[in-house]
Amino acid sequence: MQPLAAMTWEEARDAAGPGSIAILPVGAIEAHGPHLPLETDVIIAGAMAREGGARMAARGAKVAILPPLTYTTAAFAHAFAGTVSLRPETVTATVTDIARSLARHGFGAIAIANAHLDPGHLGSIEAAVNAIRGENGLAVAFPNIAAKPWASRLSDEFKSGACHAGQFETSIVLAERPELVHEATRAALPPNPASLSRAIKEGKLSFQEAGGPQAYFGYPAQASAAEGRATVEILGAILDEAVQAELNERPDR
Ligand SMILES: [Zn+2]
C-alpha cells in the first residue's frame, strides 16, 4: 500500500493492472464547530482510506492511495468563514476525470472514502460514480455511511443525525490529529441534539436553518480518542466490504 503521488510513473504502472485498487479520500474545507479544523472531513476520509486500504492489501490487493480531494460542495456551511464550496457539477467533473485517468492506466477499481454528508456533495459524487462505473470495466465503490446497510454499524449519535462536529467526528480527530482540537473549547461545549439529517429531509439549506448556529451538532464534549480509533476501524471495514461487493460483480478485475 503506497501513496500514488509518491510513486514514479513506472511504479504507478506496476501498481495498476488486475487486482489493483485506487482509493480516493474525499473531504471538504468546511466549518466544524468552534473546536475542530476546517479540514476535519479530509482527516476522517484519510483515516478511512488508510484503514480500508490496509484491509484490502492484507487480502492480496495492490492498493494505491490517491491524494485527497479536499475541495467539494459544502453549501450547508457556506456562511461560515473559511468554508470553500464548489458547484456540484465541478465536483462531478473532477471525480469523473480522476477516475477516467486511473481506468485508462489499468486500475481495476476505485474506492471513494468519504464522511462528508452535505446532500449536494453526495449527489455530485453519486453522479460521477454513475458516469464512470463500468467504463473500461472499472469497479467503483462509494459507500454512503449515512445509508443502509452501513449506518447501522455506527454510533447512536451518528444515527440520530446530530452528526456534524459532534462526538463521532470529534473522536476521530482526537485519535488522528489531537493537536488540531481546541480542547478547552470542546470540553465546555453544550450538547446540540438537533438532527441535521432530519433538517435536510425537511428542506433546510444551511447549518443555521438546521439549528446549528455554531456549525456543530451532537455531543462533542463526550468525544474520546478511543472512540475515534474504534470508529476508524469500522469505517475501514465498510470501505473494504464495499469494494469486495463491487469486485464480486466484476470478477474480471
Ligand atoms: Zn464533517
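Draft legend 1. Looking closely at the coordination of the zinc ion. Each protein donor to the zinc ion is listed here as His32 (NE2), Asp41 (OD), Glu169 (OE) and Glu169 (OE); together their distances run 1.9 to 2.5 Å. Along the chain, the residues that donate to the zinc ion are spaced as H-x8-D-x127-E.

Draft legend 2. Quick peek at the pattern of salt bridges. This model, assessed by the stated rule, comprises 12 salt bridges. Notably, a salt bridge pairs Glu202 with Lys204, separated by 3.2 Å at the nearest N-O pair. Given a relative accessible area of 53%, Glu202 falls into the exposed group. Among the ionic contacts, a cluster of salt bridges with common partners joins Glu39, Arg177 and Glu179.

Draft legend 3. Focus on helix H2 (residues 40-58). Compared with the 27 Å implied by 1.5 Å per residue over 19 residues, the 27 Å span of H2 between its first and last C-alpha is a close match. Among the residues making up H2, those that are buried are Thr40, Asp41, Val42, Ile43, Ile44, Ala45, Ala47, Met48, Ala49, Gly52, Gly53 and Met56. Structurally, H2 contributes buried residues whose contacts are with strand E2 (17-26), strand E3 (62-65), strand E4 (107-114), helix H6 (167-176) and helix H9 (225-249).

Draft legend 4. Focus on the nonpolar core. Among the nonpolar cores identified, the biggest contains 57 residues, and Ile23, Met56 and Ile145 are the most heavily contacted of them. Not counting residues up to four positions away in its chain, the partners in contact with Ile145 are Met48, Asn114, Ala115, Leu117, Trp150, Ala151, Leu154, Phe158, Leu235 and Ile238. One finds Ala77, Phe80, Phe207 and Phe217 within the second-largest nonpolar core, a separate group that totals 11 residues.

Draft legend 5. Geometry of the environment of Val42. Its place among the elements puts Val42 in helix H2. Each C-alpha atom of the pair Val42 and Asn114 lies 8.3 Å from the other, and the pair is 72 residues apart in sequence. Setting aside anything within four residues of it in sequence, one finds Val42 in contact with Gly27, Ala28, Ile29, Pro68 and Thr70.

Draft legend 6. Examining the environment of Gly46 more closely. Note on placement: Gly46 falls in helix H2. Sequence spacing of Gly46 and Gly27 is 19 residues, and the spatial spacing of their C-alpha atoms is 8.4 Å.

Draft legend 7. Broad picture of the packing of aromatic side chains. Scanning all chains against the criterion turns up four aromatic pairs. Each ring, one from Phe76 and one from Phe207, has its centre 6.2 Å from the other, and the planes form 50 degrees; the classification is tilted. On the criterion of sequence distance, the pair formed by Phe76 in the loop between E3 and helix H3 (88-104) and Phe207 in the loop between helix H8 (196-201) and H9 is long-range, its members being 131 residues apart. A relative accessible area of 6% means that Phe76 is categorised as buried. Taking the relative accessible area as the measure of exposure, Phe207 reaches 2% and is therefore buried. Pairing Phe158 with Phe168 gives two aromatic rings, centres 4.6 Å apart and planes at 40 degrees, and the pair type is tilted.

Draft legend 8. Quick peek at the sheet that holds strand E5 (residues 139-141). The five strands are arranged E1-E3-E2-E4-E5 in an open sheet whose pairing can be described as parallel. The outermost strands of the open sheet, each flanked by one partner alone, are strand E1 (2-3) and E5. Judged from the two bridges that link them, E1 and E3 form a sheet pairing that is parallel. From the neighbouring strand, Gln2 faces E3, where its bridge partner is Ala64. On the sheet, H9 packs against E2, E4 and E5 and is oriented at approximately 150 degrees with respect to E5.

Draft legend 9. View of H6. Counting buried positions along H6 yields eight of 10 residues, so the element is predominantly enclosed. The inward-facing, buried residues of H6 abut H2, helix H5 (156-160), helix H7 (183-187) and H9.

About the cut-offs
- Starting afresh in each chain, residues are numbered from 1 along the sequence in its written order.
- Residues qualify for local features only when their pLDDT is at least 70, as the model is predicted, and side-chain atom pairs are given and counted only at 80 or more; totals for whole chains, interfaces and linings, by contrast, use all residues.
- The basis for the side-chain values is all heavy atoms of the structure; hydrogens and waters are excluded.
- Water is not among the atoms examined, so metal sites may look incomplete; donors are the N, O and S atoms within 2.8 Å of the metal, or within 3.2 Å for Na, K and Ca.
- Here a salt bridge means any side-chain nitrogen of Lys or Arg lying within 4 Å of a carboxyl oxygen belonging to Asp or Glu.
- Summary of the burial criterion: residues with accessible area below 20% of their type's maximum are buried, those above 50% are exposed, and those between are partly exposed, where the area comes from a 1.4 Å probe applied to protein chains only.
- What counts as a helix is a DSSP run of H or I of at least four residues, what counts as a strand is a run of E of at least two, and both are numbered from the N terminus.
- Expected span, for any helix, means 1.5 Å times one less than how many residues it has.
- Contacts are assigned to residue pairs that have any heavy atoms within 4.5 Å of one another.
- For this analysis, a nonpolar core means a set of buried residues of the types Ala, Val, Leu, Ile, Met, Phe, Trp, Tyr and Cys, connected via side-chain atoms within 4.5 Å.
- Between the rings of Phe, Tyr and Trp (Trp by its six-membered ring), a pair exists once the centres lie within 6.5 Å; its type follows the angle of the planes, with under 30 degrees stacked, over 60 edge-to-face, and the other angles tilted.
- We call two strands paired when DSSP finds no fewer than two bridges between them.
- Axis lines are fitted through C-alpha atoms, for helices just across the contact stretch, and the angle between N-to-C directions can take any value from 0 to 180 degrees.

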